[in-house]
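Coordinate inspection notes
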Amino acid sequence: METTEQRQWENFFAEFVNTPHAKLQDPQIRESLLVKISQLIDLPYRMQMIKRDIGEDGEEEGDKERWKEWLKDMERGRAEITLEPFHRHAVEVIKGLLAGYEKHIAVVEVVGKLAPNRRLKETILPPQEDLPHSVLAGDYRLPVYAKFLHVLRRHPFPFGRRERKGCGKFFVQPVRGKPRRYCSTACRLQSSPAVARHTAYVQELRQKRRKTEIAITRAILRQWSDQKEYLRELGKQFSQKSRRQLLNLVKQAKGAVKTKRKETA
Ligand SMILES: [Zn+2]
């Protein structure tokens, strides 16, 4: 069962990776992302103890507030230095996984406990900064990566990506049912048969025009065999074409003559 909290994190990560790297500098976007990242950061063990003990031993109300402010600053500062590298990481991982590559996802510790049924119960935890018995202590960013891993482990895989040119957006896949193929309704319409028909129509027009151009070129080639002469004549007919385009047209017209001959033979 997927919880609302999980769902919110999936939506957050999808939005996060859809944010272009340069947009992380936008004050408003940055602020909202920092708030989220701060929620994921674990403070060093000793700071967590302070957080837990705030308000005990009949502390002054003013002191309590000062401690809270200080802890918030600590979280905030850590979120600041985490944002850019984590963004790069998340984009690369989701993009890579969807493209079929193997990716390094996160650093975690597996904590085991033997259950009464003689089964090993494992819990995956981020290594905690400053925690004396942690194998990989020392990186406050790891809880962020661990949360990301937790989200990625969902069955079926929680993200999809629209490969269409001009889109490339990531989206959250439904927990049940057919996987989505488009990022939005607008995107689906862009790939719809009506749009495809329109594209085919434009292509057809272009081909018709090309056919006419080639016919004119062939007529000119029959009249003038000298390159200088037929290029001059072609220049009059197709004033907006460059020399290279004209030469290309000649090449196609000559090719068309050859294939025509082959057909009639
Ligand atoms: Zn799209």
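The rules behind these values
- Residues numbered from 1 in each chain as written.
- Predicted model: local features only at pLDDT ≥ 70, side-chain atom pairs only at ≥ 80, totals over all residues.
- Helix = DSSP H or I, 4+ residues; strand = E, 2+ residues; numbered from the N terminus.
- Rg over C-alpha atoms; globule rule 2.2 N^0.38 Å.
- Buried ≥ 20, exposed ≤ 12 C-beta atoms within 10 Å, placed from the backbone.
- Expected span 1.5 Å × (residues − 1).
- Arc of directions from axis to C-beta.
- Contact = placed C-beta atoms within 7 Å.
- Domains from an automatic or database assignment.
- Pairing = 2+ DSSP bridges.
- Axes fitted to C-alpha atoms, helices over the stretch in contact; angles between N-to-C directions.
- Left-handed = near helix turned anticlockwise from the far one by under 90°.
- Nonpolar A, V, L, I, M, F, W, Y, C, P; charged D, E, K, R; others polar.
- Core = buried A, V, L, I, M, F, W, Y, C linked by C-beta atoms within 7 Å.

What follows covers the overall build of the protein. Helix and strand counts for the protein stand at 9 helices and 4 strands. Beginning at the N terminus, the succession of helices and strands in the protein can be written as α-α-α-α-β-β-α-β-β-α-α-α-α. Computed over the C-alpha atoms, the radius of gyration of the protein is 32 Å, more than 25% above the 18 Å expected from 2.2 N^0.38 for a compact globule of 265 residues. When the 265 residues of the protein are sorted by exposure, 16% land in the buried category.

All right, on to helix H2 (residues 27-40) then. Given a rise of 1.5 Å per residue, 14 residues ought to cover 20 Å, and the 20 Å separating the end C-alpha atoms of H2 matches this to within 8%. What H2 keeps buried is the set Leu33, Ile37 and Leu40. Buried residues of H2, seen end-on, are gathered within an arc of 40° and therefore sit on one face of the element. With respect to the buried face of H2, the exposed residues turned more than 90 degrees away are Pro27, Gln28, Glu31 and Val35. The inward-facing, buried residues of H2 contact helix H1 (4-18), helix H4 (61-98) and helix H5 (142-152).

Moving on to the domain arrangement of the protein. Note: interface size is frequently given as the accessible area lost on complex formation between the parts. Parsing the protein into structural domains produces domain 1 (4-108 + 137-178) and domain 2 (193-259). One C-alpha centre belongs to domain 1, the other to domain 2, and the line joining them spans 57 Å.

With respect to burial, strand S2 (residues 120-125) is a largely exposed element, only 0 of its 6 residues being buried. Pairing analysis gives 6 bridges linking strand S1 (residues 109-114) to S2, with the strands arranged antiparallel. Each bridged residue has a counterpart across the sheet, and for Lys113 the counterpart in S2 is Lys121. Between S1 and S2, which pair antiparallel one after the other, the connecting turn spans 5 residues, and Arg118 there sits at a positive phi close to 60°.

For Ile105, the location among the structural elements is in the loop between H4 and S1. Judged by C-beta crowding, with 17 C-beta atoms within 10 Å, Ile105 ranks as partly exposed. For the pair Ile105 and Tyr145, spaced 40 residues apart in sequence, the C-alpha separation works out to 7.4 Å. Each residue touching Ile105, except ones within four places of it in the same chain, is listed here: Val93, Leu149 and Leu152.

A word on the packing of helix H7 (residues 193-223) against helix H8 (residues 227-237). Taken N-terminus to C-terminus, the directions of H7 and H8 make an angle of 145°; their axes are 10 Å apart at the nearest point. Here H7 and H8 pass one another in a crossing that is right-handed. Each of Ile216, Thr217, Ile220 and Leu221 in H7 lies in contact with H8, whose residues at this interface are Tyr230, Glu233, Leu234 and Gln237. Per-class residue counts for the contact of H7 with H8 are 5 nonpolar, 2 polar and 1 charged.

Moving on to the nonpolar core. Core analysis: the largest hydrophobic core is formed by 23 residues, its most contacted members being Phe13, Val17 and Ala90. Elements represented by at least two residues in this core include exactly H1, H2, H4, H5 and strand S4 (170-172). Here this core takes 6 residues from H5, the largest share from any one element. If we ignore the near neighbours within four places in the chain, the residues touching Val17 are Ala90, Val91, Ile94 and Phe170.

Within an α-helix, residues lying three or four positions from one another point in the same direction, as the helix has 3.6 residues per turn. A rise of 1.5 Å per residue sets the reference length of H1, with its 15 residues, at 21 Å; its end C-alpha atoms lie 21 Å apart and thus fit the reference within 8%. Along H1, the residues that are buried comprise Trp9, Glu10, Phe13, Ala14, Phe16 and Val17. Mapping the buried residues of H1 onto a view down its axis gives an arc of 160°, with all of them on the same face. Counted as exposed and oriented over 90 degrees from the buried face of H1: Thr4 and Gln8. On its buried face, H1 sits against H2, H4, H5, strand S3 (159-161) and S4.

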